[in-house]
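Understanding the architecture of this molecule
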Amino acid sequence: MPGRKRGASRILVTGASSGIGAALARHYAGSGRRLMLWGRDRTRLDSVAAECRALGAQVATRSIDLADPQAARAALALDDDAFAFDLAILAAGLGDIRPDGALTERPELVIELGCVNFTTPAMMATLLAGHMAARGGGRIGLLGSVAAFHDLPYAPAYAGSKAGLTRFAAALRLGMRDHGVSVTLASPGFVDTPMSRRLDCAKPFLLDVETAAARIARAVDAGRAHLVLPWPFSVLRAAQALLPGPVARAILTRTRVVQTPRG
Ligand SMILES: NC(=O)c1ccc[n+]([C@@H]2O[C@H](COP(=O)([O-])OP(=O)(O)OC[C@H]3O[C@@H](n4cnc5c(N)ncnc54)[C@H](OP(=O)(O)O)[C@@H]3O)[C@@H](O)[C@H]2O)c1
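This one's a predicted model, so the numbers in the text were calculated from it and none came from an experiment.

Some remarks on the site of the ligand
Near the ligand you find 31 residues, and of these Ser17, Ser18, Ile20, Asp41 and Thr193 are the closest. Within the contact set of the ligand, a nitrogen atom lies 2.8 Å away from a backbone nitrogen or oxygen of leucine 66. Between an oxygen atom of the ligand and a main-chain N or O atom of glycine 93, the distance comes to 3.3 Å. Taking 890 Å² as the accessible area of the ligand by itself, protein coverage stands at 94%. If you list the elements that add at least two residues to the shell around the ligand, you get helix H1 (19-28), helix H5 (156-175) and helix H6 (194-197). Looking at the shell around the ligand, the element that brings in the most residues is H6, giving three residues. Across the shell around the ligand, the residue classes break down as 16 nonpolar, ten polar and five charged.

Written out as structure tokens, the structure is:
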């Protein structure tokens, strides 16, 4: 069939209303593809869904707040029953940091980031892995961050939630190794999206969002374990491990990052 894309055909993307998730939705859209797109902002979600339909995909959407893991669990059970997903990319995430001048993050923010960046995607990957294994296989992609590799004093909850997801992805992958389900973690550096645009800091090796999405999709489709993108962030991670502890800590505590508050 002309224009038909190969590979998975029943696809879930979370965070599809913006940034990397929206670009992944467009990447996978094509005839023969059924997409279920999750987001929170109904208007932006509908607009991404329309783009994907224009590219030939059948598209359904769900507006849901992933800060509520139990609601996400119930919704996923319904949607997986209806779709029997063979590919899921859990891209939704929040990138908030300590407000400028504050000593710590707000406890409420730590709870929210813990749910959206770790508890909900880990729960969803767990549910999907079991269902996919029972159906004979599937692919799961999780969105981490290079923030997981460093002790960021201005973003303990973000770095910690992504570090938790990093270990979770590797452990789930190992557990699913003999059951036909691959688990891929993508750890981006800076990608040009609304999330990174809120940060006032140097953004070395900034990637455009379509390039980032294409690389993430390629890694998930190939069932790779871990993609760090772009690659210089792997070098920075290794370099940090070689630095004497006091030097690494001095660099991290002197780095100042300011973020525009959420709109
Ligand atoms: N951009 C970067 O430089 C960068 C770097 C490293 C890692 N990442 C990771 O990449 C992923 C995508 O980020 P992005 O850059 O594409 O950010 P983005 O443009 O801000 O998009 C974030 C997406 O997550 C959804 N989301 C956030 N909180 C949610 C909630 N409580 N319930 C439901 N959905 C929620 C948003 O939905 P609504 O917009 O509808 O609220 C949006 O679709 C995140 O996991 C992020 O941590 C990004």
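Some details on the side chain of serine 145
Mapped onto the secondary structure, serine 145 falls in the loop between strand E5 (138-143) and H5. Engagement of the side chain of serine 145 in a polar contact is seen with the backbone nitrogen of alanine 147, the distance being 2.9 Å. Not counting the four nearest positions on each side in its chain, serine 145 is found in contact with Tyr158, Lys162, Ala186, Ser187 and Pro188.

Thoughts on the sheet that holds strand E8 (residues 226-229)
Judged by pairing direction, the sheet is parallel, and its seven strands sit side by side in the order E3-E2-E1-E4-E5-E6-E8 without closing on themselves. Because the sheet does not close on itself, it has two edges, and the strands there are strand E3 (58-63) and E8. When strand polarity is set aside, the average angle formed by the axes of neighbouring strands in this sheet is 15°. Inspection of the sheet shows strand E1 (residues 10-14) paired to strand E4 (residues 87-90) by four bridges, in the parallel sense. By the bridge assignment for E4, isoleucine 11 is matched with leucine 87.

The rules behind the values
- Residues numbered from 1 in each chain as written.
- Predicted model: local features only at pLDDT ≥ 70, side-chain atom pairs only at ≥ 80, totals over all residues.
- Heavy atoms only, no water.
- Near = heavy atom within 4 Å.
- Polar contact = N/O pair within 3.5 Å; in protein donor to acceptor, adjacent residues only side chain to side chain.
- Areas by Shrake-Rupley, 256 points an atom, 1.4 Å probe, with all protein chains shown as cover.
- Helix = DSSP H or I, 4+ residues; strand = E, 2+ residues; numbered from the N terminus.
- Nonpolar A, V, L, I, M, F, W, Y, C, P; charged D, E, K, R; others polar.
- Contact = heavy atoms within 4.5 Å.
- Pairing = 2+ DSSP bridges.
- Axes fitted to C-alpha atoms, helices over the stretch in contact; angles between N-to-C directions.

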